[in-house]
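# Structure assessment
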Amino acid sequence: MLTANDPSLHSWIQIAPDCDFQIQNLPFGIFQAPDRDPRVGVAIGEYVLDVYVLTQHGLFDMLDVEDPTVFHRPYLNDFMALGRTIWRQVRGRISELLRNNNPEIRDNRELMGECLLKQKDVEMLMPVKVPNYTDFYSSMEHATNVGSMFRDPANALLPNWKHLPVGYHGRASSIVPSGVPIRRPKGQTKPADADLAGFGPTKQLDFELEVAFITGQPTELGTSLTSLEAEEYIFGLVLFNDWSARDIQAWEYVPLGPFLAKNFGSSISPWVVTLDALEPFRVPGPVQDPKVLPYLEFSGSKNININLEVTLQAPDLPEEVVICRSNYQHMYWNMNQQLAHHTVNGCNIEVGDLYASGTISGPTPDSYGSMLELTWRGTKPLQLPNGTERKFLHDGDVVTMRGYAERNGIRVGFGEVRTEILPAF
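Residues numbered from 1 in each chain as written. Predicted model: local features only at pLDDT ≥ 70, side-chain atom pairs only at ≥ 80, totals over all residues. Heavy atoms only, no water.

### Overview of the overall build of the protein
Using the following cut-off: What counts as a helix is a DSSP run of H or I of at least four residues, what counts as a strand is a run of E of at least two, and both are numbered from the N terminus. Relative accessibility decides the category of a residue: with a 1.4 Å probe and only protein chains considered, values under 20% of the type maximum give buried, values over 50% give exposed, and everything between is partly exposed. Contacts are assigned to residue pairs with any non-hydrogen atoms lying within 4.5 Å of each other.
Along the protein, the regular secondary structure elements total nine helices and 26 strands. In terms of its C-alpha atoms, the protein occupies a principal-axis envelope of roughly 70 × 55 × 35 Å. By the burial criterion, 55% of the 425 residues in the protein qualify as buried. Sequence separation of 24 or more characterises 72% of the internal contacts of the protein that already satisfy a separation of 6 or more.

### Describing the side chain of arginine 36
Our working definition: Distance and chemistry together define a polar contact, namely a pair of N or O atoms within 3.5 Å, with one atom able to donate a hydrogen and the other to accept it when in protein, and with adjacent residues in sequence counting only for side-chain atoms on both sides.
Positionally, arginine 36 belongs in strand S2 (residues 36–44). Engagement of the side chain of arginine 36 in a polar contact is seen with the side chain of aspartate 50, the distance being 2.8 Å. In this structure the side chain of arginine 36 is engaged in a polar contact, spanning 2.8 Å, whose partner is the backbone oxygen of glutamate 114. When neighbours within four sequence positions are excluded, arginine 36 is seen to be in contact with Asp50, Val53, Gly113, Glu114 and Leu117.

### Brief notes about unusual backbone geometry
Here the residue pair valine 254 and proline 255 is connected by a cis peptide bond, since its omega of 10 degrees sits within 30 degrees of zero. Locating proline 255 in the fold gives a position in the loop between helix H7 (246–252) and strand S16 (266–268). That bond from aspartate 289 to proline 290 is cis: its omega, 15 degrees, falls within 30 degrees of zero. Tracing the sequence through the fold places proline 290 in the loop between strand S18 (282–283) and strand S19 (303–304). Despite not being glycine, tryptophan 376 has its phi angle at roughly 45 degrees, a positive value. Inspection of the secondary structure assignment puts tryptophan 376 in the loop between helix H9 (371–374) and strand S23 (382–383). Of note, the phi angle at asparagine 408 is positive, near 55 degrees, even though the residue is not glycine. Take asparagine 408: it is sitting in the loop between strand S25 (398–407) and strand S26 (410–422).

### Overview of the state of the cysteines
The test is simple: Count a disulfide wherever a pair of cysteine sulfur atoms falls within 2.5 Å.
Using the criterion set out here, one finds zero disulfides in the structure. No disulfide involves cysteine 19; its nearest neighbouring cysteine sulfur is the one of cysteine 115, lying 17 Å away. On the accessibility criterion, cysteine 19 (16% relative accessible area) is buried. On the basis of relative accessible area, cysteine 115 is assigned to the buried category, the value being 0%.

### A closer look at the sheet that holds S25
Strand pairing in a sheet relies on backbone hydrogen bonds. The paired strands run either parallel or antiparallel. Applied cut-off: At least two DSSP bridges between two strands are needed for those strands to be called paired.
What the five strands build is an open sheet, ordered S9-S26-S25-S20-S21; its pairing is mixed. Each edge of the open sheet is held by one strand with a lone partner, namely strand S9 (182–183) and strand S21 (321–327). Pairing between S25 and S26: nine bridges, direction antiparallel. Note that in S26 the partner of valine 398 across the bridge is glutamate 420.

### Topic: helix H3 (residues 84–98)
The α-helix winds at 3.6 residues per turn, so residues separated by three or four positions along the chain end up facing the same way. Note the cut-off: Multiplying 1.5 Å by the helix residue count minus one yields the expected span of that helix.
The terminal C-alpha atoms of H3, which comprises 15 residues, lie 21 Å apart, in line with the 21 Å expected from a rise of 1.5 Å per residue. Across the 15 residues of H3, eleven count as buried, placing the element largely inside the fold. Buried residues of H3: Arg84, Ile86, Trp87, Val90, Arg91, Gly92, Arg93, Ile94, Ser95, Leu97 and Leu98, and no others.

### Section: the packing of aromatic side chains
The condition that has to hold: Only Phe, Tyr and Trp rings take part, Trp by its six-membered ring, and two of them pair if their centres are within 6.5 Å. Stacked means planes under 30 degrees apart, edge-to-face means over 60, and tilted covers everything else.
Scanning the model with the defined rule gives twelve aromatic pairs in all. On the basis of an interplanar angle of 75 degrees and a centroid distance of 5.7 Å, the ring pair of phenylalanine 60 and phenylalanine 71 is categorised as edge-to-face. Of the two residues, phenylalanine 60 is situated in the loop between helix H1 (51–56) and helix H2 (77–80) and phenylalanine 71 in the loop between H1 and H2; the sequence distance between them amounts to eleven residues. Overall, the relative accessible area of 5% leaves phenylalanine 60 in the buried class. Among the residues examined, phenylalanine 71 registers a relative accessible area of 0% and is labelled buried.

### Quick word on the pairing of strand S13 (residues 209–215)
Judged by how many residues are buried, S13 sits mostly within the fold: seven of seven residues are covered. Of the two faces of S13, the one carrying Leu209, Val211, Phe213 and Thr215 and the one carrying Glu210, Ala212 and Ile214 are both buried. Where S13 lies against strand S14 (residues 234–241), seven bridges are found, and the strand directions are antiparallel. Looking at S14, one finds that valine 211 is bridged to leucine 239.

### Concerning the nonpolar core
Heads up, the condition is: For the purposes of this section, nonpolar cores are sets of buried Ala, Val, Leu, Ile, Met, Phe, Trp, Tyr and Cys residues that join through side-chain atoms within 4.5 Å.
Core analysis: the largest hydrophobic core is formed by 63 residues, its most contacted members being Phe71, Leu76, Val90, Ile94 and Leu354. With residues up to four places along the chain from it excluded, the contact list for valine 90 reads Phe28, Phe60, Leu63, Val65, Phe71 and Phe79. Ranked by size, the runner-up nonpolar core spans 58 residues in total, among them Met331, Tyr355, Phe392 and Val412.

### Section: the UniProt feature "domain: Fumarylacetoacetase-like C-terminal" (unreviewed entry) in the protein
Threshold: UniProt positions are given in the numbering used here, feature names are shortened, and annotations may be inferred rather than shown by experiment.
Under the UniProt annotation, "domain: Fumarylacetoacetase-like C-terminal" (unreviewed entry) lies at residues 134–419. When the span residues 134–419 is considered, its composition is 11% helix and 31% strand, and the gap between its end C-alpha atoms is 21 Å.

### Topic: the layout of surface pockets
We count it as follows: Computed over the protein atoms alone on a 1 Å grid, cavities are sets of points where a 1.4 Å probe fits but cannot get out and pockets are open sets with protein on both sides within 12 Å along at least five of seven lines; a residue lines them when it has an atom within 4 Å of a point. Grid points are joined across faces, edges and corners, and a volume is the space filled by probe spheres set on the points. Charged residues are taken to be Asp, Glu, Lys and Arg, nonpolar residues to be Ala, Val, Leu, Ile, Met, Phe, Trp, Tyr, Cys and Pro, and polar residues to be all remaining types, Gly included.
The computed volume of the largest pocket comes to approximately 1,300 Å³. When contributions to the lining of the largest pocket are tallied by element, the ones reaching two or more residues are strand S6 (133–136), helix H6 (140–150), strand S7 (167–170), strand S10 (186–189), strand S11 (198–201) and H7. Here the second largest pocket is characterised by a volume of approximately 450 Å³. When residues of the lining of the second largest pocket are traced back to their parent elements, those giving at least two are strand S5 (123–124), strand S20 (307–313), S25 and S26. Top element by residues in the lining of the second largest pocket is S26. It accounts for five residues. Of the residues belonging to the lining of the second largest pocket, the class tally is eight nonpolar, six polar and nine charged.

Here it is, written out as structure tokens:
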């Protein structure tokens, strides 16, 4: 019996080989159309499959979904709350319906027209209602770069960094989907040569290339998850741009960490790629030395080979320019360890909680996942094709992040998270 990840699967829908949304992917999101209120959709090729319509035609009757209206909600949370067995049933059934040898939709022109919409004709919304948001700091290359810039290059990593996944709690209410602009934030800054702090728009606006996972099951306060149990609770992953105001952060972050420098906005891609769809792209992670404590131990390959790219489109440039290429496999701490550490003290998790990786940087300068690193704190500006340069981001710039995993001719991608920077009020 073929599984939903089988590389030999083909759909009756024509899909370009370089499309992110092959039949082996089937990510979930929330869309609305002129004639439809917000609801659950699945990406396939250049289309969105209206999952609620499938339930109305009895195509999910054989599944253990007692209330089909979970697919007629403005967020994925109620569907995710049904648990991993149901996630797999639904994704498996959709895979069956879209296979080239299945006539249930293929040979029903009226149903096909009702359940398939072009992605260009719909609006993608926030996929989940995020109750809580945590940002980790799990790329050793990124942490080393930042430590080298701001502290001692010989001791770039703080003493705790290789012993636990460092993280902090961020602001969930300002997370927005792709396409929603971000306005340049204001705050206090204090240049090194100034006697007093000043106030105004940040002069060092930055992106941070990240991948985030979303939990689809809750735990009770006082309980914890092991690294082995973590995957039962993780629904899927999204691309994540955790915007940062570097000059505001430099002044405010001692002693408690970033505040106004980070809480003004973060951007996510609208399609949630399930953890199951990413299974074929597992790879070993970096060797962790020193040996981790028992609650952080894991077995098997827990990193994922996801190619990541950041482009910049300046207002006076006709085309976007690639400024970074990195990979999620570089993460020192994997998501199993992050969730185990997050809950080891009894912290409860909720459906829809979002956990970002922290900036993902690779070993070479062109793989650094932020302007801070790409320009080395502004000392090595990026040269753009029109002769202008960037130390940090300007108003009107558009930053786009893309990501995909690829193996044996199968591509499982995330689409993009695209954001324009607006001037400060």
